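Chains, contacts and geometry: an overview
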Amino acid sequence: MSWLFGYKSQVPQGPPPPGGAEGGAPQDPSSAGQAAGDANLTKAERKAMEAYRFDSSALERAAEAARTLERSKHAREALELSKLQEGTRQQEYVAKVKEYEAHIEASKVEQKRVDHEERRKTLAEETKHQQQRAQYQDQLARKRYEEQLAQQQRVQEENLRKQEESVAKQEAMRRQTIEHEMELREKNKMKLLEAELRAKAKVDRENRDLTLEQIRLKAEENRITVMESIKTAGSVLGQGATALLTDWNKVATTVGGLSLLALGVYSAKGATGVTARFIEARIGKPSLVNETSRFSLLEAVRHPIQTFNRFKAKPADALQGVVLQPKLEERLRDIAIATKNTKHNNGLFRNILFHGPPGTGKTMFAKKLANHSGMDYAIMTGGDVGPMGRDAVTAIHKVFDWANTSRRGLLLFIDEADAFLRKRSSEHISEELRSALNAFLYRTGEQNPRFMLVLASNTPEQFDYAINDRLDEMVEFVLPGIEERERLIRLYFDKFVLQPASEGKKRFKVEQWDYSVVCSRMAEMCEGMSGREISKLGVSWQAACYASEQGVLTEKMVLDRCEAAVRQHRQKMAWLSEQEKLDHKSITGGKGFIM
C-alpha cells in the first residue's frame, strides 16, 4: 500500500531526468531557492527538515492508481493482497524489533554477568590480599611477641643468675663466718681444757701421797668385806643343804612346788595365746585388711559418732549416685539383687571379677553392693601380700578366719589382685608368693555362705588359671561415653560448685552463665578421661574459685581448668610405654561406666 498512500517504495528508482523535475517539468524557482537554502544547512538540520516535507506527486499517482483499480475487476483481490503484504511486513518488522530488543537485553545480562564476575574476582583478590596482609601482620606480631618473651626470659634468667650469685656469696660469707666462729670456739675450748688439765695435774702431783694412802685403805676394806660375805654365804648354804638332805619331807615339798610352778607358767602362756587369737579373730581386724565396715570395739571407742551413724543408716540402692551405661547398669543391678537375696536366704555367694582401667568405680560399687545387701565389707590390696614374705601365708589364713566369724556376712574386696595371683607357669614368682597363692586357692576352693569374694584388676589376663576357675562372673568397667561424661560433669558441677555457692560459703560465688551449654561442651572436651579425673576436675573448679581475688567462679575459669585437665590427661597417656598400652588396652577404648 506504500504506492497507494504516497510512502516511499523499497524498490530503488532511477536517477531523475536531467534538466528538470520529475516528468520533465521545469523546476519551480521557489524550489530552486529552497534547494539553495538547504545546501547551507547542516546534515542534522537537513534530516530534520526532510521529516516535514510532503510530495504531492505521490498522492496524484495514488489517486490515478485508485481510479485504475476501481475500473479493474480484480481491485478487491489486489487490495486484500496489499493488506496482507503490509501486515506481513509489519509483523516481520515487529519480530525484528523484538529480536533486537532481546539481543539488547541479552547483551545487558551478559554485561552484568561480566561485571559481577569482575567484581567477584576483584573482591576475591582484595580478600586474598587482606588475608595475606593479616597473616603477615599476625606473623610480625607473633614474632614481636616471641622476641619480647625471649627478652623477658633472658632478663629473668639474668636476674635469677644474679640472685643466685648473690645468695651464693651470702651463703659463702655466712659459712666462712660460722667456720671462723667454730674455729675460735674450738681454740677457746682447747685453751680452757689445757688450763684445766694443767691445774688438775698440778693438784694431783701435790696430793699424790694422800691419794695413794686413800686407795690402799679402800682396797683393804673391800677385801675384808668380800671375805666376810663369802664366809657368811657358805655357812648359810651349807646349813640349808644339810637340813634339806636330812629331811625327806622338805625335799618332796620343794620338788612338788617347782613342778607346779612350771606347769602354771606353761598353762598361762598357752591360755594367753589362745585368748589373744580368739580376740583377734572376733574383734580385731587382720593386718592385711586396710578398710572395713565391720564393727569393732577399738573403732567404736575411737569413732563413736561414725559407729552410731553406721548402725542408724539404712541399706541404700546399690546404683545410687552411679553413672553408667544402660546395659551395664542392668547387669550390675541384677548382681546386687541376687547378692541381697542370697544373703537373706543363707545361700552360697558367688565370686566376681571387676576389671577395667583405673578410676572407673570398681571399689566404690563394691562398697555400695555390700551396703545394699546388708553385709560388711573389707578391702585389702594385693600389693601388701608380697612384702610380707613368709608371713604372707599366715596373714591370708587370718583374713579368711576373720571373714568366717562375721555374722552379717562379709564382702571381701581385693584390689589389684593380680599383684599376687599371677600365673605360676609363665611368671617368675618367689616361693613365698607361690605359697601365698596356694593358701588363697586352698581357702577359696569351695563357695562359702559366710563371705563373698570380689576381685579387681586392670590386667585380668595375668591371673592364674586356677583363679579364673574360681570366678563365677566377670564384669568389665570401661571409660565413660559422651552421655555419661556429660552426666558426670553435671553431677560434679552441682556437687562442687552450685551447692557450696548456694550454701553461702565465704569467697565462693558463681557468675550467671549458661551452665548446661558449658557442661555439654566440656563433656566433648573430656573424651577418654575416667571418672576419677572428672571428679578431680570438680575439685579444681573449687581451687580456681578460692584462688581468685574476688572469689567468683567465671565461665572462662571453668573452661581453662577443663583444658588444663585435658592436656594433663594427654600427657599421662603419652607417658605410657608400649607394654603398658598393651596391658591396659581398655584405657583407650570403650565407653561406659564411671563413678
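Here is a short report on the structure shown in this document. Remember, it's a predicted structure, so these values are computed and weren't measured experimentally. (Residues numbered from 1 in each chain as written. Predicted model: local features only at pLDDT ≥ 70, side-chain atom pairs only at ≥ 80, totals over all residues. Heavy atoms only, no water.)

**Digging into the overall build of the protein chain**
Along the backbone of the protein chain there are 19 helices and 8 strands. By the burial criterion, 26% of the 595 residues in the protein chain qualify as buried. Considering only intrachain contacts with a sequence separation of at least 6, the fraction spanning at least 24 residues in the protein chain is 81%. For the protein chain, the computed accessible surface area is about 41,900 Å², with 55% contributed by carbon and sulfur atoms. (Helix = DSSP H or I, 4+ residues; strand = E, 2+ residues; numbered from the N terminus. Buried < 20%, exposed > 50% of the residue type's maximum accessible area, 1.4 Å probe, protein only. Contact = heavy atoms within 4.5 Å. Areas by Shrake-Rupley, 256 points an atom, 1.4 Å probe, with all protein chains shown as cover.)

**A word on the packing of aromatic side chains**
The tally for this structure, following the rule as stated, stands at 11 aromatic pairs. The interplanar angle of 65 degrees and the centroid separation of 5.0 Å between the aromatic rings of phenylalanine 354 and phenylalanine 477 together place this pair among those described as edge-to-face. Here the residue phenylalanine 354 occupies a position in strand S2 (residues 352–355), and phenylalanine 477 occupies one in the loop between strand S6 (473–476) and helix H15 (482–502), the gap between them amounting to 123 residues. We classify phenylalanine 354 as buried; its relative accessible area is 0%. Aromatic pair phenylalanine 493 and tryptophan 513: ring centres 5.8 Å apart, planes at 70 degrees, arrangement edge-to-face. Here phenylalanine 493, found in helix H15, pairs with tryptophan 513, found in the loop between strand S7 (509–510) and helix H16 (515–525); they are 20 residues apart in sequence, far enough to count as distant. One exposure class covers both phenylalanine 493 and tryptophan 513, and it is buried. (Phe/Tyr/Trp six-rings, centres within 6.5 Å; stacked < 30°, edge-to-face > 60°.)

**Observations concerning the nonpolar core**
Counting 32 residues, the largest nonpolar core has Ile414, Leu421, Phe440 and Leu455 as the members making the most contacts within it. Taken together, the elements giving at least two residues each to this core come down to strand S3 (376–381), helix H12 (391–404), strand S4 (410–415), helix H13 (431–443), strand S5 (451–457) and helix H14 (465–469). The greatest single-element share of this core, amounting to 7 residues, is contributed by H12. Leave out the neighbours within four places in its chain, and leucine 421 touches Leu437, Phe440, Leu455, Gln462, Phe463, Asp464 and Ile467. Judged by nonpolar contacts, the second largest core, of 28 residues, contains Met529, Ile534, Leu537 and Leu559. (Core = buried A, V, L, I, M, F, W, Y, C linked by side-chain atoms within 4.5 Å.)

**A look at the packing of helix H17 (residues 531–547) against helix H18 (residues 555–575)**
Interhelical geometry of H17 versus H18 gives an angle of 140 degrees and a closest axis separation of 10 Å. Judged on the interaxial angle alone, H18 and H17 are oblique. The crossing of H17 and H18 is right-handed. Within the contact between the two elements, H17 uses Glu533, Leu537, Ser540, Trp541, Ala543, Ala544 and Cys545 and H18 uses Met557, Val558, Arg561, Cys562, Ala565, His569 and Lys572. Each residue belonging to the contact of H17 with H18 can be placed in one class, and the counts come to 9 nonpolar, 2 polar and 3 charged. (Axes fitted to C-alpha atoms, helices over the stretch in contact; angles between N-to-C directions. Parallel < 35°, antiparallel > 145°, perpendicular 65-115°, else oblique. Left-handed = near helix turned anticlockwise from the far one by under 90°. Nonpolar A, V, L, I, M, F, W, Y, C, P; charged D, E, K, R; others polar.)

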